[in-house]
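Here are the chains, one letter per residue:
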Amino acid sequence: MSVAFRRDGDEEHLEPKFEVPIPPGPNLVTARGRELIVERIAQLEAQVSALTEETALNAAKRDLRYWHARLDTAQVQPVPAGDTVRFGSRVRFLLSGKSREIVIVGHDEADPAQDRLAYAAPLAKALLGAQAGEFVDFNGREEAIEVVEVGAA
């Protein structure tokens, strides 16, 4: 029989499963962000103990390794004080005449749909260091953003 028709098993035809990529840079988190990581680990540990199907179990274990790594490297940042935009700040600003409010958080806590942006996101980067009343360049436009209010999240 030709080697072309021989099949040792289905394993060789499955897509390889890689580890969940860790975002580059330090793992800065808010106190809330650290608690979310701890909660996620608890959920995954319960899931791992209940799973029997190998593919789902391996995926859950992979996710659990990611979250344990994130917990081990988490650097809880202090609550920002003052009117300067920092990690953990809630910022109200005007962009293209529209009022918007965001909170600057770590990668794992980020949820743009809930106006929680990672500190490495372009908009968050543009705002970091600004104060209420300042104008900030963004997206190739000078003074595109007017910072209206800065406070702790």
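Just so it is clear, the model here is predicted, and its values are computed rather than measured. (Residues numbered from 1 in each chain as written. Predicted model: local features only at pLDDT ≥ 70, side-chain atom pairs only at ≥ 80, totals over all residues. Heavy atoms only, no water.)

Asks: Mind showing me how you'd approach the overall build of the chain here?
Replies: When helices and strands are counted, the chain shows three helices and seven strands. For the chain, the N- to C-terminal ordering of α and β elements is β-α-α-β-β-β-β-α-β-β. Taking all 153 residues of the chain together, 30% fall into the buried category. Restricting the contact set of the chain to residue pairs at least 6 apart, pairs at least 24 apart contribute 52%. Surface summary for the chain: the accessible area is close to 9,900 Å², and the carbon and sulfur share equals 52%. (Helix = DSSP H or I, 4+ residues; strand = E, 2+ residues; numbered from the N terminus. Buried < 20%, exposed > 50% of the residue type's maximum accessible area, 1.4 Å probe, protein only. Contact = heavy atoms within 4.5 Å. Areas by Shrake-Rupley, 256 points an atom, 1.4 Å probe, with all protein chains shown as cover.)

Asks: Where do I start with the pattern of salt bridges in this structure?
Replies: Between side chains of opposite charge, a pair can form as their charged atoms come close. Per the counting criterion, the structure on display carries seven salt bridges. Of the charged contacts in the structure, one is a salt bridge between Glu 101 and Arg 90, with a shortest N-O distance of 3.2 Å. You can see Glu 101 sitting in strand β4 (residues 98-105) and its partner Arg 90 sitting in strand β3 (residues 89-95), a full 11 residues away along the chain. According to the relative accessible area criterion, Arg 90 is partly exposed, its value standing at 33%. Close ionic contact of Glu 109 with Arg 116 constitutes a salt bridge, the shortest N to O distance being 2.8 Å. Neither Glu 109 nor Arg 116 differs from the other in exposure class; each is buried. Through salt bridges with shared partners, one network takes in Arg 32, Glu 109 and Arg 116. (Salt bridge = Lys/Arg side-chain N within 4 Å of Asp/Glu carboxyl O.)

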